Amino acid sequence: MTVSDKKLREAINTLKDSGVRITPQRHAVLEYLLNSMVHPTADEIYKALEGKFPNMSVATVYNNLRVLREIGLVRELTYGDASSRFDCNTSEHYHIICDDCGKIVDFHYPTLHEVESLAEQVTGFDISHHRMEIYGKCEDCQQVETQKH
Ligand SMILES: [Zn+2]
Ligand SMILES: [Zn+2]
């Protein structure tokens, strides 16, 4: 059994425990997210699955993602535009984002709790969380760049 099979089974159990109905489409969205390392948008998920589910709409994909988010299986990453990205790695981690293609890759680093406590002390805010992103050019885009020259 692969890692993502195990994760999928755990996720399905979480769905069952939450009393959420497991439709074939919901199952497929979850499976796609667990196998995808690039944090897809709802549109990308829709395009990847429409062949399998010709009657599915983007709205259905959104709806499924919302259900998965509400029970904590999926995290939504918003970037101030319409294209939210979805992450089924709900453990603490950071992201590195490609300036060229927009790909988001997980990046593990010890959570910077001290930044939060310092921010709290300095500003008096009640801190809920923080978000740090690193930007650059991914390996694929670096290669494209080299080929052009
Ligand atoms: Zn890239
Ligand atoms: Zn992530």
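This section reports on the structure supplied with the text. Note that the coordinates shown come from a computational prediction; the quantities given were computed from them, not determined experimentally. (Residues numbered from 1 in each chain as written. Chains lettered and ligands numbered in written order. Predicted model: local features only at pLDDT ≥ 70, side-chain atom pairs only at ≥ 80, totals over all residues.)

**Re the overall build of the protein**
Turning to step 1, where the next piece is worked out: Within the protein, the secondary structure is distributed over 6 helices and 5 strands.
Turning to step 2, where the next piece is worked out: Helices (α) and strands (β) of the protein occur, in sequence order from the N terminus, as α-α-α-α-β-β-β-β-α-β-α.
Turning to step 3, where the next piece is worked out: A buried classification covers 13% of the 149 residues belonging to the protein. (Helix = DSSP H or I, 4+ residues; strand = E, 2+ residues; numbered from the N terminus. Buried ≥ 20, exposed ≤ 12 C-beta atoms within 10 Å, placed from the backbone.)

**Remarks on the sheet that holds strand E4 (residues 104-107)**
Turning to step 1, where the next piece is worked out: The strand order E4-E3-E5 describes an open sheet built from 3 strands, whose pairing is mixed. The open sheet is flanked by E4 and strand E5 (133-136), the only strands paired with a single partner. Going across the sheet, the axis of each strand differs from the next one's by a mean of 25°, ignoring polarity.
Turning to step 2, where the next piece is worked out: Sheet topology note: the strand E3 (residues 94-98)/E4 ladder contains 4 bridges and is antiparallel. Bridge pairing in E4 places His 95 opposite Asp 106. (Pairing = 2+ DSSP bridges. Axes fitted to C-alpha atoms, helices over the stretch in contact; angles between N-to-C directions.)

**Considering the environment of Arg 9**
Turning to step 1, where the next piece is worked out: Its location among the elements puts Arg 9 in helix H1 (residues 3-17).
Turning to step 2, where the next piece is worked out: For the pair Arg 9 and Glu 31, spaced 22 residues apart in the sequence, the C-alpha separation amounts to 9.7 Å.

**Describing the nonpolar core**
Soluble globular proteins tend to bury their nonpolar side chains together.
Turning to step 1, where the next piece is worked out: Counting 14 residues, the largest nonpolar core has Val 29, Leu 30, Leu 33, Leu 65, Leu 73 and Val 74 as its most contacted members.
Turning to step 2, where the next piece is worked out: Secondary-structure elements contributing two or more residues to this core are helix H2 (24-35), helix H3 (42-49) and helix H4 (58-70).
Turning to step 3, where the next piece is worked out: No other element matches the 4 residues that H2 contributes to this core.
Turning to step 4, where the next piece is worked out: Among all residues touching Leu 73, those that are not within four sequence positions of it are Ala 11, Thr 14, Leu 30, Leu 68 and Cys 88. (Core = buried A, V, L, I, M, F, W, Y, C linked by C-beta atoms within 7 Å. Contact = placed C-beta atoms within 7 Å.)

**Side note on the packing of H2 against H3**
Turning to step 1, where the next piece is worked out: At a minimum axis distance of 11 Å, the contact between H2 and H3 shows a crossing angle of 110°. Here H2 is positioned roughly perpendicular relative to H3, judged by the angle of their axes. Every pair of crossing elements has a handedness; the one defined by H2 and H3 is right-handed. Contacts between H2 and H3 pair Ala 28, Val 29 and Tyr 32 from the former with Ile 45, Ala 48 and Leu 49 from the latter. (Parallel < 35°, antiparallel > 145°, perpendicular 65-115°, else oblique. Left-handed = near helix turned anticlockwise from the far one by under 90°.)

Spatial relationships are all this shows, so hold off on functional conclusions.
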